[in-house]
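# Residue-level structural notes
The residues making up each chain are set out below.
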Amino acid sequence: MRLDIKKILIAADHGGYGLKSDISQYLSNKGIEVIDLGCNSSDSVDYPDYGHKMAEAINVNQAEFGIVICGTGIGISIAANRHQGIRAALCHDVTTAKLTRQHNDANILALGARIIGKNVAFDCVDAFLNTEFEGGRHQTRINKI
Ligand code: RB5
């Protein structure tokens, strides 16, 4: 993990609830404070509520980065991306998790709990949190979003 990352936000709907618990434990074991925005059980909820909650928390600087999870990762990332300043990237592997930090300066990692396995999800989290934004021409492009 990047040495300066001390805390991270995490949120999920019911489809991502189990993976949220696994990732929270994984990060806690590395000494990172995990701020859990819910949901708090596998009872059915609406993914936009958690995508919006995450975006709002990032935008008031509760943490620099967040992780959102739903069944596919699609709905919750769409909701988060409705907010100015949010760049939520749906990733399925280490390459996309790394490139979205380097090129898009993504501040939220979105994962699909019904799409990828737990260990691939952990690898995505590591790649995302360990990779710096490259700036330069990528900043120019981000400014156009
Ligand atoms: C919930 O059943 C499911 O629709 C949700 O987790 C997500 O995959 C939506 O994009």
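These remarks concern the structure in this document. (Residues numbered from 1 in each chain as written. Predicted model: local features only at pLDDT ≥ 70, side-chain atom pairs only at ≥ 80, totals over all residues. Heavy atoms only, no water.)

### Overview of the site of the ligand
The immediate surroundings of the ligand are formed by Asp13, His14, Tyr47, Cys70, Gly71, Thr72, Gly75 and Arg114. One nitrogen or oxygen atom from the side chain of Arg114 is found 3.3 Å from an oxygen atom belonging to the ligand. Within the complex, the protein chains bury 71% of what would otherwise be the 300 Å² of accessible surface of the ligand. Its residues assigned to classes, the shell around the ligand shows 2 nonpolar, 4 polar and 2 charged. (Near = heavy atom within 4 Å. Polar contact = N/O pair within 3.5 Å; in protein donor to acceptor, adjacent residues only side chain to side chain. Areas by Shrake-Rupley, 256 points an atom, 1.4 Å probe, with all protein chains shown as cover. Nonpolar A, V, L, I, M, F, W, Y, C, P; charged D, E, K, R; others polar.)

### A closer look at the pairing of strand 3 (residues 66-70)
Most of strand 3 is tucked away: 5 of the 5 residues are buried. Here strand 3 shows a buried face lined by Gly66, Val68 and Cys70 and a second buried face lined by Ile67 and Ile69. Examined bridge by bridge, strand 1 (residues 7-12) and strand 3 share 4 bridges and lie parallel to one another. Residue Ala11 lies in a different strand from strand 3, and its bridge partner there is Val68. (Buried < 20%, exposed > 50% of the residue type's maximum accessible area, 1.4 Å probe, protein only. Helix = DSSP H or I, 4+ residues; strand = E, 2+ residues; numbered from the N terminus. Pairing = 2+ DSSP bridges.)

### Structural notes on the packing of helix 4 (residues 94-104) against helix 5 (residues 118-130)
Interaxial distance between helix 4 and helix 5 falls to 8 Å at its minimum, and their mutual angle equals 20°. As summarised for this structure, helix 4 and helix 5 are arranged roughly parallel, according to the angle between their axes. Crossing of helix 4 against helix 5: the hand is right-handed. On helix 5, the residues that touch Val94, Ala97, Lys98, Thr100 and Arg101 of helix 4 are Asp123, Cys124, Ala127 and Phe128. A class-by-class count of the residues in the contact of helix 4 with helix 5 yields 5 nonpolar, 1 polar and 3 charged. (Axes fitted to C-alpha atoms, helices over the stretch in contact; angles between N-to-C directions. Parallel < 35°, antiparallel > 145°, perpendicular 65-115°, else oblique. Left-handed = near helix turned anticlockwise from the far one by under 90°. Contact = heavy atoms within 4.5 Å.)

### A look at the nonpolar core
Among the nonpolar cores identified, the biggest contains 26 residues, and Ile23, Leu27, Ile67 and Leu111 are the most heavily contacted of them. For this core, the elements supplying multiple residues, two or more each, are strand 1, helix 1 (17-28), strand 3, strand 5 (108-112) and helix 5. The biggest single contributor to this core is helix 5, with 7 residues. Every residue in contact with Ile23, bar those within four places of it in the chain, is listed here: Ile10, Ile67, Ile69, Leu111, Ala121, Phe122 and Val125. Of all hydrophobic cores here, the second largest spans 19 residues; its members include Ala11, Leu37, Cys39 and Ala80. (Core = buried A, V, L, I, M, F, W, Y, C linked by side-chain atoms within 4.5 Å.)

### What about the sheet that holds strand 2 (residues 33-36)?
Taken together, the 5 strands give an open sheet; going across it, the order is 2-1-3-5-4, and neighbouring strands pair in parallel fashion. A single partner strand is all that each edge strand has here, and the edge strands are strand 2 and strand 4 (88-90). The mean inter-strand angle of the sheet, taken between neighbouring strand axes irrespective of direction, is 25°. Against the sheet, helix 1 engages strand 1, strand 2, strand 3 and strand 5, with an angle of about 170° to strand 1.

### A short note on the state of the cysteines
Applying the stated criterion to the full structure yields 0 disulfides. Between Cys70, a free cysteine, and Cys39, which holds the nearest cysteine sulfur, the sulfur-to-sulfur gap is 11 Å. (Disulfide = S-S within 2.5 Å.)

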